[in-house]
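# Architecture at a glance
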Amino acid sequence: MNTYPKEDHRPENGPPSFYQQIKTAAGPEGLPQDFSLQKVPEPEGLHFVDGGTDGIAMFHTSIQPGELGELTEILSLITKGDSRAKERLEVFFRGQKGMAPMLSLVDGLQDWIIGHREELDPQRLFDFALHTLWESREVECVKFALSLLELVETEKNQAREAVSTLALSDEFTLFCSYVIRDWSDGSEELFRLAKLVRGWGRIFLLRQLDLEDPRVREWLLWEGWQNDILVSYTAKLCAGAGGLLELLRRESLTGEELENVKGLMAGLLDEGPVQNISAMEDGPEILREYLRHLAAHGQVDEEARKKLTELTA
């Protein structure tokens, strides 16, 4: 295989690859808000937003290790340079049941590769993974390729550009982050991407940011908690790491500061999908200070008042 990018990553007789779709649509602020991957063929039945299957699996299910099955044979084909590997991989994932196949397979896959590294050709694995990133329009095949790249050096070659491009799509942000976090500037790149993605990608990335970085903490408090899925998924982390209580302990807040806090507090009080304010040790104090600032601005929040009563009963 050649390890140089093609000018056009459009597969024959079909729409552009995911990489090309993302690269074409992306701008300085990331992808357009209404961007969604054009998947071929579109799955029948219920459709999820990009990243939704991985997000729901991570937050609402217990991910059990999957059976590698033919994947080990496919890896052997890849390391032999067998052209059948690509088609076999696509057929394998089309036959997988469950919400997020690669999430259940990634740990076992990587353990198997590490245990059989003497039998595998790392350059061929790398070449296969890179061309899959450039050319595939099969979601789980791209995630498989990213899982391979976690195990090889990707910082100083064309894989870096492909990974950072794919990371702009909420569908691939999670698996891209596993590769990026090992780069020498991985923390900076993850922070840059977190500011560009607003769906499930942001929800995933917040858990991988450097929470000791003052810039990150400030961003989490004022902006990072906002996303296009549900603020409740990000509120607890952002309130804790961003220093919400320290902010609320101030004698007063401006109207603009209070409005921002109200948005974050709405997420903390929404405990439908996940536990938030109830799971915070300083939850009652946060509520008391929040209600104090509201009163100073002539406002009330009955939900916050009821939650405080509940937590201190």
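Residues numbered from 1 in each chain as written. Predicted model: local features only at pLDDT ≥ 70, side-chain atom pairs only at ≥ 80, totals over all residues. Heavy atoms only, no water.

### Some words on the nonpolar core
Core analysis: the biggest nonpolar cluster contains 99 residues, and Phe144 and Leu244 have the highest contact counts within it. By residue number, the principal contributor to this core is helix H7 (residues 139-149), which donates eight residues. Leaving out residues up to four positions away in the same chain, Phe144 has contacts with Leu71, Leu75, Ile78, Leu89, Phe93, Met102, Leu109 and Phe128. (Core = buried A, V, L, I, M, F, W, Y, C linked by side-chain atoms within 4.5 Å. Buried < 20%, exposed > 50% of the residue type's maximum accessible area, 1.4 Å probe, protein only. Helix = DSSP H or I, 4+ residues; strand = E, 2+ residues; numbered from the N terminus. Contact = heavy atoms within 4.5 Å.)

### Regarding the packing of aromatic side chains
The full count for this structure, using the stated rule, is nine aromatic pairs. Plain terms: the ring middles of Phe18 and Phe172 are 5.7 Å apart, the flat faces sit at 45° to each other, and that makes the pair tilted. With a gap of 154 residues between them, Phe18 in helix H1 (residues 18-25) and Phe172 in the loop between helix H8 (158-166) and helix H9 (173-180) connect regions that are remote in the sequence. With a relative accessible area of 0%, Phe18 lands in the buried category. On the accessibility criterion, Phe172 (0% relative accessible area) is buried. Through a chain of ring-to-ring contacts, the aromatic side chains of Phe59, Trp200, Phe204 and Tyr233 assemble into a single cluster. For the cation-ring pair, Lys195 lies above Phe191, with the distance from its terminal atom to the ring centre recorded as 4.1 Å. (Phe/Tyr/Trp six-rings, centres within 6.5 Å; stacked < 30°, edge-to-face > 60°. Lys NZ or Arg CZ within 6 Å of the ring centre and 35° of its normal.)

### Focus on the environment of Ala25
With respect to the secondary-structure elements, Ala25 resides in helix H1. The sequence separation of Ala25 and Phe35 amounts to ten residues, and the corresponding C-alpha distance is 7.9 Å. Once residues within four sequence positions are removed from consideration, Ala25 is found in contact with Gly30, Leu31, Pro32 and Phe35.

### Some remarks on the packing of helix H5 (residues 101-115) against H9
Packing of H5 against H9 brings their axes to within 12 Å, and their N-to-C directions diverge by 25°. Relative to H9, the element H5 is oriented roughly parallel. Contact residues: H5 offers Met102, Leu103 and Val106, while H9 offers Leu174, Phe175 and Tyr178. Each residue belonging to the contact of H5 with H9 can be placed in one class, and the counts come to six nonpolar, no polar and no charged. (Axes fitted to C-alpha atoms, helices over the stretch in contact; angles between N-to-C directions. Parallel < 35°, antiparallel > 145°, perpendicular 65-115°, else oblique. Nonpolar A, V, L, I, M, F, W, Y, C, P; charged D, E, K, R; others polar.)

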